[in-house]
Each structure stands twice: as C-alpha cells, then as structure tokens.
Amino acid sequence: MSEKELIEKSRLYRRKIIQYIYMAKAGHTGGSLSCIDILNVLYNDIMNVSPEHFNSPDRDRYIQSKGHSVEALYVVLADKGFFPEKDLETLCKYQSHYIGHPTKKVHGIEQNTGALGHGLPLSVGIALAGKMDNKNYRVYTLLGDGELAEGSNWEAFLTASHHNLDNLCAILDYNKLQITSTVAQVYHPEPIPDKLKSFGWAVREVNGNDVEELSKTLKALPFEKDKPSFIIAHTTKGKGISYMENEIKWHHGVPSETQFKLAIEELNSI
Amino acid sequence: MATIDVNPGKPNQEVFAETVESLASADRNVIVVTSDSRGSGKLVKFGNQYPDQIVEVGIAEQNLVGVAAGLASAGKIVFAVSPACFLTARALEQIKNDVAYSDNPVKLVGISAGVSYGALGTTHHSLHDFAVLRAIHNMTIVAPADAYETEQAVRQSVQMNSPVYLRFGKKNMALLPNEINQNEFTIGKGRLIKAGQDVCLIATGETVQIAYEAAEKLEHDHGIRSNVISMHTIKPLDYSLLDELMKQGCPIITIEEHMIHGGLGEACASYLIQNGFHNKFKIIGICDEYTVTGSQSEIFTHYGISVSGITDLALKILIKS
C-alpha cells in the first residue's frame, strides 16, 4: 500500500475508533489512537494474514499484548473483512463477542489478552514452534509502555534471545503515559534500548505515528540474524485529536457529544 | 493398553516421564517445557534423548506457561512441567488466561505435589491447586493414584483437545488392585478399587493407596466392607458415580492431600448435598492452619491421612449411624 493510502487508512481508523467508543460509551481511547498507525502498517503493508487464510499454519501472527487498546484492532480487522463492521455497534453490549479486550471469539484474533505481560511469552511459544517446524511466518506482538513493568516480559525477553528467535518482533507503543501518570514517574523504564540490547535483542527506534517510517522499519526485519527484534515506537497518546493528545484523562476517557463532533471534524479536516 | 513397565514402587512422576518419552519417540510434535525442573521431573533422560523436543525457560514459571500456551496454539502437544506449588500459584494468571481462557490445550504437569516435599515447608507445598483450578472454566484436573492410572492419564491427556492439569507426587507407589475395572481408566470417570456396602472411601492421588489399606483393615479387624474409589479426576467430577453412591446410601469419607477447603471433599459435598444425600459425610485433608513440619508421611499421619486416621473415623461415624 502506498504511503498516501496508509495515511488515509489511519485517518479512517481514527474516526472509527472514536465513533465506536462514543457509541459504546466505553473504551481505551488514548492508547488505541497511539498504536493505530502500527496496526495499520502491519495489517495493510506487512503481514501475511487474511480472513480466508486465518487458519493457515503459515500465516503471520499478531498478538496484541496491550489488549486494552482493542478498539484499534477491531476497526482494522473489520476493514480487512474479518467480520462485518456493523458488529462493532454491539461493542461492550450484553452478550456481544466484542468486549473490552481481545478474544478469539472474534474472527482474526489470535489469543485472548488483556491481563498485561502475557502477549510476549505467548508470542515466544508461537515463534519457537515456527522455528521447530521450519515455517517462515513471523510473530508480532504489541506491548504497552506501562506494561513493561510486568516481570513476565523480562522472563520472555531472555527466552526469546536464548532461542535465537529472529522470527519474533515486539513493538513497544511508547506513548509515555499510563493511567496514573507519566511512565517515567511511575517506574522509570529507561534506558529501554540498552536494557533490550543487553537482553540479546536487536533494537530500533522509530516514530510510531509515521506510517512510512514504520513500513520501512518493519520491512527490514529481522534487524540481526538470530536475534529477536524490538521496535521502540515513539507515539503520542490520543494522536490525531488535539484535545486528547498527551492528556492522561483520555486513557479511557469517552467523548461527550460535543467532544465527539469536535474530534470527527478535526479528523475530517486533515 | 499399558506399554510401560509398571513395576510397583515407582513414583507417579517417574511413570509420567517414561510415558512422555514413549510419546515423544512416536511423535516429534510432543514437546516438554521445563523451568529448571527436569531433574525433579525425571526428565533428564528425555532431554538427552530428545533435545529438540524439550524447551528450557529457566526458573520462570509465568514464562513457562505462556510459552507452553504459544507452542500449543501452533499445534504442538505440550507438557509444561514444574513443581505443582510454583506452577499453580506463580503462574496462575497464565493458566487462567493463556491456557484455559484462550483454550490452548496445554498439559500442565504439577510434580512433587501436595506435601511431597515434606519438611521443605509451605513454600514447596501445593495444598491449594485443586481449589484454584476448580474455579477456572475449561480446566480438567487429574490426580492419578498409581503407575497404571498415571500412564493412562498421560496418554489420554494427549487425545484431549482442551487444557488439563496432571498432578503427580514423588513417593514410590504400589500398584492398586485392578480386578474390578480391569484396564478401565477414563479421565472423568471414578475408578472402583474395592467394593463394599458399609462405608465409602473416596480418595484421590497418592491417598488412594492409604484408603485401600484402611479398607482392608476395616474388613479384617471389624468385618466392615468399604467401597474404595479412586476419584482421580477432580474436575469434571464423576456425578453419575456419586449418584450411584447416593442410591447405595452408606456414609462417605473423602481423603485428599490438599487443604480441606475447595478440594475433592468439598466438590463431592457440594454435589451430594444439593442432590439429596442424607447420610454421614466427612472430609479428611490438611486443616486450615500453618502445616505441621515433617515428612510427607508424618504430615499425613498428623492430619489423619493414614490407615488409623481413616479407620478411626469410619468406626466413629458407623457407630453413630
């Protein structure tokens, strides 16, 4: 997909994220807006996965470890034809499969996530199986920056490099805010590149809201032979809607009618 | 059909290791995941024979279960092996979400379970595992009694396309009599070891042997005939067998190497009381207290998980009824 088309997709996805969160009166707005460009590039420009071949053992896998930003995943999967977009009108409604975190009941979702620190170990297992079976698929997982405080990630970082899983790529949605405060104030994870390098990963940093940069970087995988790849995607929480950007309250804030109209107007005017 | 040399006197977890070796030799998709636990799991030989079919994650149980779930989701037949105390506590969230909720058919293998580690103390005891796993949907829980049940349970777990927890101890276990249900072992169906009509002893795991010995003593010394049941599957519990026992109507004693809360006894009691059982019912297990220091056998005796503990209780409730 061309850069122009990807940019247009991101704009469309942002509009839909806001629309369905507004309809459901629930959702993780800020994080979905920060990671949507990453999902856009993965599903439209990088991964070998489709609704028709979702059961293929050779498909690429995407595990969303930061499961709370599921609205971003829903709008991309709907756009790719995994399910009718109309289904999203049931988001968080009684008996809907479209709940506030990813579940396999929704076509296109690989694993049930939502509790943090689970996606990376799962991805390591899937990548290991790929190596054992000489498959060419790649496993992508999206981590939150607040989530990096979970110790299970660091267990899995070790296992991934120990097993030379260069078919594994973890992407950090580094928007630098979590529910309480800034990430730096909560637990100070830096220096992340040095930590990951010392854990045996090949590390790159990108602007995670720049589709062209993301596309180029993801097309360069693996960054080093025999090493798992870690992409630090510097993003903006609430990206694309000026009054939400870098505002902690939009972690799971739901727009009012006025705010909703303002957001849509802003996205339409780009 | 049994293919393993089931000589009496082997720990169930050793029979597990031999069975999984046999499975791995026939299918390269059989994978064992360990957390520095291959020694206690008797899997050193497995690791040497099948180096491509063992994944070592180090002492990291959360990672153990997550990685195992990932492997299983990609089509591998995965045994995740770790001491039961760590596997079902440290990694409980991974069991709940990555295995049960995501429906990745991992075979969780809790070794040195219950109070197998004896005087090593509470950190190394698993007296909560039945309780916590019973409260998780999509989880089968099996605690085989002897070598025969162990081999069958392991082989049948491979046929299951859903998560299962297999619980093994490290004590040498004699083979139980197999006359009544010859070569009949099915996950989810309790196994009648000895038939009687005066009292019913329902036990699980390594306590079945003790229940059987108690039944022999009750018969020899007092002419009391006991049903002895190996309720190897804690979940799903064999309700049809409990229905039969209710029809029979004799008092019931349950015996388990687990806290009295949330285990086999309470599972049976819950079903029985809701379905009209009116006779005496007693649970033998570890009391809700800081567990006494001692070997497994000393701890068992302290809490009445012993031949005398069971016979004394049986006599007491039979006299009263």
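Further up the page is the structure itself.
The following paragraphs examine the structure supplied in this document.

Analysis parameters
- Residues numbered from 1 in each chain as written.
- Chains lettered and ligands numbered in written order.
- Predicted model: local features only at pLDDT ≥ 70, side-chain atom pairs only at ≥ 80, totals over all residues.
- Heavy atoms only, no water.
- Pairing = 2+ DSSP bridges.
- Helix = DSSP H or I, 4+ residues; strand = E, 2+ residues; numbered from the N terminus.
- Axes fitted to C-alpha atoms, helices over the stretch in contact; angles between N-to-C directions.
- Contact = heavy atoms within 4.5 Å.
- Salt bridge = Lys/Arg side-chain N within 4 Å of Asp/Glu carboxyl O.
- Buried < 20%, exposed > 50% of the residue type's maximum accessible area, 1.4 Å probe, protein only.
- Expected span 1.5 Å × (residues − 1).
- Bend = angle between axes of the 7 residues up to and from the residue.
- Buried area = accessible area lost by both parts, 1.4 Å probe.
- Polar contact = N/O pair within 3.5 Å; in protein donor to acceptor, adjacent residues only side chain to side chain.
- Nonpolar A, V, L, I, M, F, W, Y, C, P; charged D, E, K, R; others polar.

### Section: the sheet that holds strand S9 (residues 191-194) of chain B
All names here are of chain B. Here we have 5 strands laid out as an open sheet, ordered S9-S11-S10-S13-S14, and mixed in their pairing. Because the sheet does not close on itself, it has two edges, and the strands there are S9 and strand S14 (281-286). Strand-to-strand, the axes of this sheet are offset by a mean angle of 25°, without reference to chain direction. Bridge count between strand S13 (residues 252-259) and S14: 5 bridges; the pairing is parallel. In the sheet register, Thr-254 faces S14, and the bridge partner there is Ile-283. Across the face of the sheet, helix H9 (residues 239-248) comes into contact with strand S10 (199-203), strand S11 (226-230) and S13 while running at roughly 170° to S11. Running at roughly 140° to S13, helix H10 (residues 264-274) makes contact with S10, S13 and S14 of the sheet.

### So, the pattern of salt bridges
Note on pairing: side chains with opposite charge can pair once their charged atoms come close. Going through the model one piece at a time under the given rule, you end up with 26 salt bridges over all chains. Put simply, Glu257(A) and Lys261(A) hold a salt bridge, and the shortest N to O gap is 3.2 Å. Remark: Lys261(A) and Glu257(A) occur in helix H9 (residues 257-269); sequence separation between them is 4 residues, near one turn of the helix. For Lys261(A), a relative accessible area of 47% corresponds to the partly exposed category. For Lys217(B), the salt bridge identified is with Asp221(B), shortest N-O distance 2.7 Å. Highlighted residues: Lys217(B) and Asp221(B), both in helix H8 (residues 207-222), separated by 4 residues, approximately one helical turn. Looking at Lys217(B), the relative accessible area reads 39%, which means it is partly exposed. Of the residues examined, Asp221(B) reaches a relative accessible area of 39% and is grouped as partly exposed. Linked through salt bridges whose partners overlap, the residues forming this network are Lys194(B), Glu216(B), Glu219(B) and Arg225(B).

### Remarks on helix H2 (residues 29-46) of chain A
Residue and element names in this part refer to chain A. Over its 18 residues, H2 extends 25 Å from the first C-alpha to the last, a length consistent with the 26 Å expected when each residue adds 1.5 Å. Along its length, H2 shows its largest kink, about 45°, at Cys-35. Among the 18 residues of H2, 18 are classified as buried, and the element is accordingly described as predominantly covered.

### Describing the interface of chain B and chain A
In this assembly, 27 residues from chain B lie in contact with 25 residues from chain A. Between chain B and chain A, roughly 1900 Å² of surface is buried when both sides are summed, and carbon and sulfur atoms account for 50% of that area. Among the residues chain B hides against chain A, the three largest losses belong to Asn63(B), Tyr101(B) and Ser102(B). Together they make up 24% of the total. Between chain B and chain A we count 1 salt bridge in total. Where chain B packs against chain A, one counts 12 residue pairs in polar contact (both at pLDDT 80 or more). Of all elements in the fold, only strand S3 (54-56), helix H3 (61-73) and helix H5 (92-101) of chain B reach the threshold of two or more residues within the side of chain B that touches chain A. In terms of residue count, the dominant contributor to the side of chain B that touches chain A is H3(B) (9 residues). Here the residues of the side of chain B that touches chain A sort into 9 nonpolar, 10 polar and 8 charged.

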